[in-house]
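Here is how the chains run, residue by residue.
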Amino acid sequence: FDHQDEYLDTAVAGETRTQTGARLAALAESACGVPAADVCTLLGLKGEGNAGTALTQPLKWAVKHHRARGVHVTPTVFVHGIEAPQVSSSYSEEQWLT
């Protein structure tokens with residue numbers, strides 16, 4: 001969350017999609033140790049037109065899964081298929097990790 005403001009619409013309006021992806025990849029590497037090249041591969045376009053990225057289909061499946069359960073707002077969390085309504089978007093990092 002420390003870098004959230006750097007990725008708001010107004011902050012990325014002057015960048016290309018590729019430039020924003022490269023910055024996200026660098027952040028993933030510095031903050032989480034995920035190699036930037038791996039992130040760039042996942043964010044790279046797979047083909048012409050609206051082919052999407054390597055993340056497009058898994059994201060569509062996740063959205064479909066949750067919409068089928070009536071979830072249209074995040075964070076709605078399920079644990080072993082049961083909704084956990086006590087989970088809140090205002091959770092601190094510590095709360096998410098426990």
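A brief report on the enclosed structure follows.

A short note on the environment of L24
Note on placement: L24 falls in helix 2 (residues 17-32). With relative accessibility at 35%, the residue L24 sits in the partly exposed group. Expressed as a C-alpha distance, the spacing of L24 and L59, which sit 35 residues apart in the sequence, is 18 Å.

Some words on helix 2
An α-helical turn contains 3.6 residues, so any two residues separated by three or four positions project in the same direction. For helix 2, built from 16 residues, the straight-helix expectation of 22 Å at 1.5 Å per residue is met to within 8% by its first-to-last C-alpha distance of 22 Å. Listed as buried for helix 2 are T20, G21, A25 and A28. Down the axis, helix 2 shows its buried residues gathered within 140° of arc, on one side only. The elements touched by buried residues of helix 2 are helix 1 (9-12) and helix 3 (36-43). Remark: G33 follows helix 2 within two positions and exhibits a positive phi of approximately 80°.

Details of the side chain of T20
With respect to the helices and strands, T20 occurs in helix 2. Classification of T20 as buried rests on a relative accessible area of 15%. Discounting residues that sit within four places of it in the chain, T20 has contacts with Y7, V12 and E15.

Quick notes on the environment of V12
Topologically, V12 is positioned in helix 1. According to the relative accessible area criterion, V12 is buried, its value standing at 18%. If we skip the residues at most four places from it in the chain, V12 touches E6, Y7, T20 and R23.

Comments concerning unusual backbone geometry
Most peptide bonds adopt trans geometry, and most residues besides glycine take a negative phi value. At H80, a residue that is not glycine, the phi angle is positive and equals roughly 55°. Here H80 lies in the loop between strand 1 (78-79) and strand 2 (82-83). Judged by its relative accessible area of 81%, H80 falls in the exposed class.

Thresholds, definitions, all that
Residues numbered from 1 in each chain as written. Predicted model: local features only at pLDDT ≥ 70, side-chain atom pairs only at ≥ 80, totals over all residues. Heavy atoms only, no water. Helix = DSSP H or I, 4+ residues; strand = E, 2+ residues; numbered from the N terminus. Buried < 20%, exposed > 50% of the residue type's maximum accessible area, 1.4 Å probe, protein only. Expected span 1.5 Å × (residues − 1). Arc of directions from axis to C-beta. Contact = heavy atoms within 4.5 Å.

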